Amino acid sequence: MDKFFSSLSNKFINKQNSSKSPVASPSDEGSSKLLAEGSGPLVHPAILEYRRPVMRKPDPVVAEQILNSINPIYFSSEGFDASEHELKKLPEVLDTAAIMKDLELLKQQHSVVSRKVLQLIQQKEEACQEEFERFADIHNELNMALRICREGRTSLNLAKRQFTTASLGILANYQKRQVVQGLLHNLNNIKTLQRMEEQLQELLGEGNYHGAISLLQECQQAASTYRHFTCVVALSGKLQDTLVMAEQQLDEALAKVCNGFDSEHYGKIQEAYRLLGKTQPAMDHLLMHFTSAIHTAAFNVVYGHVELSGVLAGDGHKKQYQQLCKFITSDSLIPCLLDLCKALWVIMRSYMHVSAWHDADNAESEKISTSGGLLVAVDLEASCNKEYVKTKLKSGLERIWQDVQMRVCTYLRESRAAWCKFDEFMQVLRVVHRLMEIGEEFCGSKSGELQKLMKEQSGQYFRNYHRERLEELRIFLENEGWEICPVKQNFTVLQLQEFRSFRGVLKGVSLGSPECSSSNQSQDGSSTLGGYFTRYADSGSPFDMSLDETQEEDILANIGDEPSGYFSDESDEDIDEELKKDFVDENAGEGCGNKHQTRSSTKKHVKQDLKALILTNTSLTVLRQCGKYMQLSRLLRPVAGDVLLCMSQLLEYYLYAVHAFFTIDLPDACQWKYSTKLKESLDRIRHSLIQTPVLDGDPEPVNKDRSKIAEPCISPVVDLGQSEVLHGLESRVVAVESVVFLAKQFELLHSYLEKIVAGTGSPFLQQLYAQLVDVAADLRQPVYACVSSRAVGYVNTLNHMKRVDWEVKNVMSQHSQYVDILLRELQIFSMRLEGIVAHVPIPREVYNILWEHIIHEICNTFVEGFSNAKKCSVGGRGLMQLDFTHFLSKLEKLTSVRPIPKSEFVDHYAKVEHYVKAYYMPEKTLEAWIQEHCDEYTSEQLKALVRCACQNDSKTRQRLEALVKAKR
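Note that the coordinates shown come from a computational prediction; the quantities given were computed from them, not determined experimentally.

What to know about the side chain of Ser 681
- Structurally, the position occupied by Ser 681 is in helix α23 (residues 676-688).
- Not counting residues up to four positions away in its chain, the partners in contact with Ser 681 are Gln 771, Leu 772 and Val 775.

Following this line, the structure appears as structure tokens:
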């Protein structure tokens, strides 16, 4: 029975996962738990499953009976399925009671079997533990035996190697090893020679040409040592090919120096050429590379701009440089020129760096050769190489610059630079002039080709441009309304952008001073302190300039911020009440005469503001053109004289136009207002600059002089006839004072222009200032005389004076009525003058000239009126004095001009006073007076004086009249 249950236990243990027990019940959980708590470590979990059905401990006899009643088939170990067996036992007609009875029997059997298995396992537990311990001991013994076997085998192998090889075998092998080692060394060297090409390419790629050449030379020496090997013969030829390739790469590296100099890189190249013994050929190649770089750079720049403009359909690379330049558009002219000069600058800068490198290398060699005070023997070949390089570099300067100059000349000639706009042409001149300065610094060349080309192109260009500017000026003048252009009070030409490059010179820095010397100041206005090759030694170029050099100007005044005009803006309370009336009451206020005179003398009718500027838009245009002309003269010194002549013609034409416009109504009696210099200047301008007008019906001249310009016509908007505005005084003031302002600005430019045209042009400059600039202010006299000659009714005054009875018996205490009429007209003139000042400031000089002319005309009117008297008594002579004295006293209240000693008006007043006093002179004194003053009065005036003074002595009268006639 024990054997049966042992077998049953093993089956349960081995098959617990492959098959299930035929009976299972939830009641087994209690027995399983009980078995688990009492079992040892060797109890398999499957046993616990069979203990679950055990609910309570059955009777041993009953349990034995139940165990024996179990069908033996349940103990089969292979291919038995308990579930299938039980299902097959079921009848066809199922009986629930029978099935439940069978189920209960199976549960009892399962419970008994489980307890029996547990009982057997508990009986064998101690024996199992002992068996496991014995198994562990056997395992440890087996491991120890394995280790001993391995140690034995190792010892046996060592003994075999040490004691089974004979001594002679060892010696034979050693000899073989020596032979093989020698052969291996030779093979390794040959292998190294064969693999040397990769290292050479690596050195050449790194730019280590010195190391590559040295390695090649070492390889060639090694190849000659192993030439008895057949494979080395072919290797020698390959090394020679590699050396040729290395020289080609070295030459390519030398060519790259032209477009970017690197001192360290260039030093490696020179060291490599020294190893090759080709220092002199290397210098010849370098010069050829520089020439080729110039041609290539010029072509690439022009070709790039032509391609960018899209003028050519992709075949531009087939054309020559000269042909490509013809396809440069006007928009690309200056950008292409700048890029061309920048590219050529890089090449020239590299050449200067190369020259400086060799100079430093020679200096270092000389320093080393004389170190320690001992002269070291210098290699003769190295010395010859250095001298050769020095000579080649020096001669190459002219050659390089000539190539650069010809490339630029070809570009300017073929691209039609002379057909561009003036501002663009000035930009071209600036670029070319800077290039010429670089050429002078580069090799001391004066750039004759460039100067000749630019002189040819600029000469014709400027003549056409000047003709257009004169025509433009004529149009401006004919459309000028002669209104004041509101500029700031501190305005000068230096604030115009056209004069910005002259500010440093015109503000007091002399052209000959160190601050403005040729080495420090470029003619185009840029500083060149230290030289271009010093300033741009590492980066940048002298041509990194902006194409649009226009700068904002701040010259216009804020209209309304300042009071307009020079007249005092005091209230009317300061004006004499008597002058406010329509007619002056001569009898009133006699007792207060001193008071009125005091207030009148302290009254300021004119505001003394000397900072006010009067100029027009046209005069600003003239100044701008002069600034452009000066820029041209600065860039082209050979044509500075011609440019100065054209610049003077702008001022001449402006002055002539103002004269022609505003002296057209000048009376013949005022022709004496012209100064000699002004008259000569106007005649000279008329003959040299103004075209002779063609009368209606006359044919146009065949050979029309294009150097002359038509005389302008005044704009119809300018009205010179209205007396209410003093016959266009506002326009006259603006016109004349703008001429004076232009002349003052020319005075500011005088010192600089002297430097520009120093030498042959100095006489012309002196003549220009003497005949034009200095006489500008003289234009005031005839122009303002047109106003003063019609501002007062002089003829009307003479008519009133003829009605005066000069034969009164008694001296009168009341002046004549014509004096009041004359004073009223002067008062109206003064009021109209103040009205004009509200729009245009009147300078002190203009104010004085106007009153001077009027006082002069009035004094002449007094003399003429007095001379018209047929007869004059003593009382009439007193009345003449009274009228004139009263006129003078009231005149002082109308104007700030005073007839005080040393005044310019004293002669006018004295002329009247002397004429009146002459009536009282005796005959002998009168004769002497006539001889002294015959030039101050007309013949009719002197004869009238003689008739009145000698009306009772006909003989004396005839004698004095004959004297007057003889003096005339």
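Concerning the packing of helix α14 (residues 380-414) against helix α16 (residues 448-478)
- Taken N-terminus to C-terminus, the directions of α14 and α16 make an angle of 15°; their axes are 9 Å apart at the nearest point. Considering the angle they form, α14 stands roughly parallel to α16. Between α14 and α16 lies a crossing of left-handed hand. Within the contact between the two elements, α14 uses Trp 401, Gln 402, Gln 405, Met 406, Val 408, Cys 409, Leu 412 and Arg 413 and α16 uses Gly 448, Glu 449, Leu 450, Leu 453, Met 454 and Gln 457.
- Partitioning the contact of α14 with α16 into residue classes produces 8 nonpolar, 4 polar and 2 charged.

Some remarks on unusual backbone geometry
- For Leu 726, which is not glycine, the phi torsion reads 55° and is therefore positive.
- For Leu 726, a relative accessible area of 1% gives the class buried.
- We note that His 727 has phi near 55°; this positive angle belongs to a residue other than glycine.
- Take His 727: its relative accessible area is 7%, and that puts it in the buried class.

A short note on the packing of aromatic side chains
- For the structure shown, the criterion picks out 28 aromatic pairs.
- Joined through ring pairs, the aromatic side chains of Phe 290, Trp 345, Tyr 351, Phe 442, Phe 533 and Tyr 536 make up one cluster.
- Directly above the ring of Tyr 465 sits Arg 469, whose terminal nitrogen or CZ lies 4.4 Å from the centroid.

So, a negative patch on the surface
- Taken together, the side chains of Glu 126, Glu 130, Glu 133, Asp 137 and Glu 141 define an acidic patch exposed on the protein surface.
- For Asp 137, the position within the fold is in helix α6 (residues 96-163).

Considering the confidence of the model for the protein
- Mean pLDDT over the protein: 76, with 76% of residues reaching 70 or higher.
- Across the protein, element-level confidence peaks in α23 with a mean pLDDT of 92 and bottoms out in helix α20 (residues 593-602) with 36.
- Below pLDDT 50 for its whole length, residues 11-55 participates in 78 contacts with residues either more than four positions away or in separate chains.
- Under a pLDDT of 50 for its full length, residues 509-521 has, in the predicted model, 25 contacts with residues more than four places off or in other chains.

Thoughts on helix α24 (residues 729-756)
- Taking 1.5 Å per residue, 28 residues should reach 40 Å; α24 reaches 39 Å between its end C-alpha atoms and fits that length.
- Considering bend angle alone, the principal kink of α24 is centred on His 750 and spans about 50°.
- The buried fraction of α24 amounts to 20 of the 28 residues, a majority that puts the element mostly inside the structure.

Observations regarding the pattern of salt bridges
- According to the stated counting rule, one finds 21 salt bridges in the structure shown.
- Of the charged contacts in the structure, one is a salt bridge between Lys 88 and Glu 84, with a shortest N-O distance of 3.3 Å. Placement of the pair is Lys 88 and Glu 84 together in helix α5 (residues 82-89), with a separation of 4 residues, close to one helical turn.
- A residue is classified by how much of its surface remains accessible, and Glu 84, at 38% relative accessible area, is partly exposed.
- Here Arg 134 ties to Glu 131 by a salt bridge, and the two come within 2.1 Å at their closest N and O atoms. Taken together, the residues span about one helical turn, with Arg 134 and Glu 131 both in helix α6 at a distance of 3 residues.
- With relative accessibility at 46%, the residue Arg 134 sits in the partly exposed group.
- Relative accessible area serves as the criterion here: at 41%, Glu 131 is assigned to the partly exposed category.
- Bridged by salt links that share partners, the residues Arg 467, Glu 471, Arg 474 and Glu 478 form one connected network.

What to know about the environment of Leu 506
- In this fold, Leu 506 is placed in helix α17 (residues 503-506).
- Among the residues examined, Leu 506 registers a relative accessible area of 9% and is labelled buried.
- Separated by 12 residues in the primary sequence, Leu 506 and Leu 494 have C-alpha atoms spaced 7.9 Å apart.
- Not counting chain neighbours up to four residues away, the residues in contact with Leu 506 comprise Leu 494, Leu 748, Leu 749 and Tyr 752.

Focus on the environment of Ser 383
- Structurally, Ser 383 is set in helix α14.
- For Ser 383, a relative accessible area of 39% gives the class partly exposed.

Quick word on helix α4 (residues 60-68)
- Of the positions making up α4, those classed as buried are Ala 63, Ile 66 and Leu 67. Seen end-on, α4 carries its buried residues on one side only, within an arc spanning 100°. Pointing more than 90 degrees away from the buried face of α4 are the exposed residues Val 61, Gln 65 and Asn 68.

Criteria and thresholds
Residues numbered from 1 in each chain as written. Predicted model: local features only at pLDDT ≥ 70, side-chain atom pairs only at ≥ 80, totals over all residues. Heavy atoms only, no water. Helix = DSSP H or I, 4+ residues; strand = E, 2+ residues; numbered from the N terminus. Contact = heavy atoms within 4.5 Å. Axes fitted to C-alpha atoms, helices over the stretch in contact; angles between N-to-C directions. Parallel < 35°, antiparallel > 145°, perpendicular 65-115°, else oblique. Left-handed = near helix turned anticlockwise from the far one by under 90°. Nonpolar A, V, L, I, M, F, W, Y, C, P; charged D, E, K, R; others polar. Buried < 20%, exposed > 50% of the residue type's maximum accessible area, 1.4 Å probe, protein only. Phe/Tyr/Trp six-rings, centres within 6.5 Å; stacked < 30°, edge-to-face > 60°. Lys NZ or Arg CZ within 6 Å of the ring centre and 35° of its normal. Patch = residues over 30% accessible without salt bridge, like charges linked within 9 Å, V, L, I, M, F, W, Y side chains within 5 Å. Areas by Shrake-Rupley, 256 points an atom, 1.4 Å probe, with all protein chains shown as cover. Salt bridge = Lys/Arg side-chain N within 4 Å of Asp/Glu carboxyl O. Lys, Arg positive; Asp, Glu negative; His and termini not counted. Charge placed at Lys NZ, Arg CZ, Asp CG, Glu CD. pLDDT = per-residue confidence, 0-100. Expected span 1.5 Å × (residues − 1). Bend = angle between axes of the 7 residues up to and from the residue. Arc of directions from axis to C-beta.

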